[in-house]
Amino acid sequence: MKAVWTILLLVVSNIFMTFAWYGHLKLQEMKVSTNWPLIGVILLSWGIALLEYCFQVPANRIGFRENGGPFSLMQLKVIQEVVTLIIFTIFTVVAFKGESFHWNHLAAFVCLILAVYFVFMK
């Protein structure tokens, strides 16, 4: 069950992270934050990133083998990167209509699946 909680927390964490890192670009595209000073955009992103950390830190604590979780540190990182790229891809395709999914993106995802395979290999 710790593995499931870890991955769910990582998904929520990465949703917030994606909005913190790239959401301001969508706000700018929508003309919401076009005239904001850079410090305002940074503070907004930091506020969202704080929420990201509220899920990321527990995910790592619950999932880490040294804390009784099922994953090594390397496995946690690879899982986190895969989750990040999946969330980012969904966000990009849905929020930014000018962006599209191409064959090379699919090839990159296959490489990520292989990375997960290799990191869990005994």
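It should be noted that the structure appears before, not after, this text.
Thresholds applied
- Here the residue numbers are simple positions, counted from 1 along each chain's written sequence.
- Restriction of local features to residues with pLDDT of at least 70 applies here, the model being predicted, together with a cutoff of 80 or more for giving and counting side-chain atom pairs; totals for whole chains, interfaces and linings are based on all residues.
- Hydrogens and water molecules were not included; the side-chain quantities draw on all heavy atoms of the structure.
- Each reported salt bridge corresponds to a side-chain nitrogen of Lys or Arg within 4 Å of a carboxyl oxygen of Asp or Glu.
- Every helix listed is a DSSP run of H or I at least four residues long, and every strand listed is a run of E at least two residues long, numbered separately from the N terminus.
- Remark: nonpolar core denotes a set of buried residues (Ala, Val, Leu, Ile, Met, Phe, Trp, Tyr, Cys) joined through side-chain atoms within 4.5 Å.
- Under the scheme applied here, a residue whose accessible area is under 20% of the maximum for its type counts as buried, over 50% as exposed, and between as partly exposed, the area being computed with a 1.4 Å probe on protein chains only.
- Working rule for contacts: check all heavy atoms of both residues, and any pair within 4.5 Å makes them a contact.
- Points on a 1 Å grid over protein atoms alone make up a cavity when a 1.4 Å probe fits among them but cannot get out, and a pocket when they form an open set with protein on both sides within 12 Å along at least five of seven lines; lining residues each have an atom within 4 Å of a point.
- Grid points are joined across faces, edges and corners, and a volume is the space filled by probe spheres set on the points.
- The classification used treats Ala, Val, Leu, Ile, Met, Phe, Trp, Tyr, Cys and Pro as nonpolar, Asp, Glu, Lys and Arg as charged, and all other residues, Gly among them, as polar.
- Lines fitted to C-alpha atoms define the axes here, with helix axes fitted over just the stretch in contact, and angles between the N-to-C directions of these axes take values from 0 to 180 degrees.
- Any angle that is under 35 degrees is reported as roughly parallel, and any over 145 degrees as roughly antiparallel; angles of 65 to 115 degrees are reported as roughly perpendicular and all others as oblique.
- What makes a crossing left-handed is the near helix being turned counterclockwise from the far one by less than a right angle; a clockwise turn instead makes it right-handed.

Trainee: Please set out the pattern of salt bridges residue by residue, giving values where relevant.
Mentor: Close approach of charged atoms lets side chains of opposite charge pair. The final tally for this structure, using the stated rule, is two salt bridges. With a shortest N-O distance of 2.8 Å, lysine 77 and glutamate 81 are connected by a salt bridge. Here lysine 77 pairs with glutamate 81, and both are found in helix H3 (residues 73-95), just four residues apart, close to one helical turn.

Trainee: Go over the nonpolar core, please, and point to the residues and values.
Mentor: Counting eight residues, the largest nonpolar core is built from Leu9, Leu10, Ala59, Phe71, Leu76, Ile79, Val83 and Ile87. Among the elements that make up this core, the one with the highest residue count is H3 (four residues). In this structure leucine 10 touches Gln56, Ala59, Ile79, Gln80 and Val83, once residues within four positions along its chain are discounted. Val78, Val82, Phe109 and Val119 belong to the second largest nonpolar core, which has five residues in total.

Trainee: Any details on the layout of surface pockets? Residues and values, ideally.
Mentor: Quantified by volume, the largest pocket comes out at close to 220 Å³. For the largest pocket, the full set of lining residues is Leu85, Phe88, Thr89, Thr92, Val93, Glu99, Ser100, Phe101, His105, Ala108, Phe109 and Leu112. Looking at the lining of the largest pocket, the element that brings in the most residues is H3, giving five residues. The residue makeup of the lining of the largest pocket, split by class, is seven nonpolar, four polar and one charged.

Trainee: Report on unusual backbone geometry, specifying residues and quantitative values.
Mentor: For lysine 31, which is not glycine, the phi dihedral falls at a positive 65 degrees. Residue position: lysine 31 is located in the loop between helix H1 (2-29) and helix H2 (38-63).

Trainee: Help me get a handle on the packing of H1 against H2, residues and values and all.
Mentor: When two helices pack together, their arrangement is captured by the angle between the axes and the distance separating the axes. It is the contact of H1 with H2, at a shortest axis distance of 8 Å, that shows an interaxial angle of 170 degrees. Taken as axis vectors, H1 and H2 run roughly antiparallel relative to one another. Considering only the axes of H1 and H2, their crossing is left-handed. Counted by class, the contact of H1 with H2 contains 17 nonpolar, seven polar and two charged residues.

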